[in-house]
Amino acid sequence: MDESPRAQPVERPRNAAATRLRLLDAAAELFAERGYERTTVRAIAERAGANQALLFRYFGSKDGLLTEVVARGGLEQLHATAPEDLFETALRSMLTRSAPGADRSLEVYLRSVGRGDEATATLRELGGEYQKVLAGLAPSQDGALRADLAMAWLLGIGLMRTVTAREPLASADPEAVCRLVLTTLDRFWTLPEQPPPPDAGDGPDGGPGDPPAAGPAGPEVNRSGTPGSGRRRSR
């Protein structure tokens, strides 16, 4: 009979701030791994080594916890990263999500978007903050559009790599992905703005204007519609 003493549960000091942080960390891991719907409050509390009642005391609900998880990761990244490095930082965090200490807020976003009114509002607000920062990188009037396109590309990469696990992207080397994406993105920010199309209402009645007249050296067109001198041939 094995009489070795059983391991006693570790007695954690009662520290509200530390417990709250553990719950946030545990929720971030589980939301990224399983998604919002498949993550239970019980599983979060167990991973954090805390009581479920504390989760509700600190965050109000699972929606409230998701809101703080995404806002914390995204806002920390915004505040700690130079605008010109923001896209690359988010991309690398997503591609190296298994690395110790890697930020997984983008993966949480991808697996949880649309789940809960509170979280949706926070995600929309966070997306707006990212758009403002990225839009400032484009020296043109269409900076907001370029920012949205860049974000769509980033989220599309995350969706295919982390959610649907589509090959070859799912197992591609992060450095190879970064090289291809960032090289293209550098040109994307510096492309000149597309000029607006010519106004179709230049005519006297608001319709199209007259076609440009042929120059003095331009060829005449005969009645058959083929280029020619316009004169009859002498018989």
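See the structure printed just above.
Residues numbered from 1 in each chain as written. Predicted model: local features only at pLDDT ≥ 70, side-chain atom pairs only at ≥ 80, totals over all residues. Heavy atoms only, no water.

A.B. asks: A description of the overall build of the chain should follow, citing residues and the corresponding values.
C.D. replies: Looking only at helices and strands, one finds nine helices and zero strands in the chain. Secondary structure elements of the chain, listed N to C terminal, follow the sequence α-α-α-α-α-α-α-α-α. Put simply, the chain has 235 residues, and 32% of those count as buried. Contacts spanning at least 24 positions in sequence make up 65% of the contacts within the chain whose residues lie at least 6 apart. (Helix = DSSP H or I, 4+ residues; strand = E, 2+ residues; numbered from the N terminus. Buried < 20%, exposed > 50% of the residue type's maximum accessible area, 1.4 Å probe, protein only. Contact = heavy atoms within 4.5 Å.)

A.B. asks: I'd like a rundown of the packing of helix 1 (residues 16-34) against helix 2 (residues 41-48), residues and numbers included.
C.D. replies: Direction vectors running N to C along helix 1 and helix 2 enclose 125°, while the axes themselves pass 8 Å from each other. Relative to helix 2, the element helix 1 lies oblique. Helix-helix and strand crossings are classified by hand; for helix 1 and helix 2 the assignment is right-handed. Here helix 1 contributes Arg 22, Leu 23, Ala 26, Ala 27, Glu 29, Leu 30, Phe 31, Glu 33 and Arg 34 to the contact with helix 2, which in turn contributes Ala 43, Ile 44, Ala 45, Arg 47 and Ala 48. The class makeup of the residues in the contact of helix 1 with helix 2 is nine nonpolar, no polar and five charged. (Axes fitted to C-alpha atoms, helices over the stretch in contact; angles between N-to-C directions. Parallel < 35°, antiparallel > 145°, perpendicular 65-115°, else oblique. Left-handed = near helix turned anticlockwise from the far one by under 90°. Nonpolar A, V, L, I, M, F, W, Y, C, P; charged D, E, K, R; others polar.)

A.B. asks: So, the nonpolar core: which residues are in play, and what are the values?
C.D. replies: One broad trend across soluble globular proteins is that nonpolar side chains are buried collectively. Formed by 48 residues in total, the largest nonpolar core has its most connected members in Phe 31, Ile 44, Leu 65, Val 69, Phe 87 and Leu 91. No other element matches the eight residues that helix 1 contributes to this core. (Core = buried A, V, L, I, M, F, W, Y, C linked by side-chain atoms within 4.5 Å.)

A.B. asks: Could you give an account of a nonpolar patch on the surface, naming the residues involved and the relevant values?
C.D. replies: Taken together, Leu 159, Met 160 and Val 163 make up a surface patch of nonpolar side chains, about 210 Å² in accessible area. Looking at where Leu 159 falls in the secondary structure, it is placed in helix 8 (residues 143-163). (Patch = residues over 30% accessible without salt bridge, like charges linked within 9 Å, V, L, I, M, F, W, Y side chains within 5 Å. Areas by Shrake-Rupley, 256 points an atom, 1.4 Å probe, with all protein chains shown as cover. Salt bridge = Lys/Arg side-chain N within 4 Å of Asp/Glu carboxyl O.)

A.B. asks: Could you give an account of the pattern of salt bridges, naming the residues involved and the relevant values?
C.D. replies: The full count for this structure, using the stated rule, is nine salt bridges. Between Arg 20 and Glu 68 there is a salt bridge, with its nearest N and O atoms 2.6 Å apart. Here Arg 20, found in helix 1, pairs with Glu 68, found in helix 4 (residues 62-80); they are 48 residues apart in sequence, far enough to count as distant. The shortest N-O distance in the salt bridge between Asp 142 and Arg 146 comes to 2.9 Å. Connected through shared salt-bridge partners, Glu 29, Glu 33 and Arg 47 make up one network.

A.B. asks: Account for helix 3 (residues 52-59), with residues named and values stated.
C.D. replies: Measuring from the side-chain oxygen of the N-cap residue of helix 3 to the backbone nitrogen of Ala 53 gives 2.7 Å; that N-cap residue is Asn 51. Gly 60 sits one or two positions beyond helix 3 and adopts a positive phi of about 85°. (Polar contact = N/O pair within 3.5 Å; in protein donor to acceptor, adjacent residues only side chain to side chain.)

A.B. asks: Can you lay out the side chain of Lys 62 for me, pointing to particular residues and giving the numbers?
C.D. replies: Along the polypeptide, Lys 62 turns up in helix 4. Put simply, Lys 62 is tucked away with no salt bridge, and the nearest opposite charge, on Glu 37, sits 5.4 Å away. Once residues lying within four places of it in the same chain are set aside, the contact partners of Lys 62 are Phe 31, Tyr 36, Glu 37, Thr 39 and Val 41. (Lys, Arg positive; Asp, Glu negative; His and termini not counted.)

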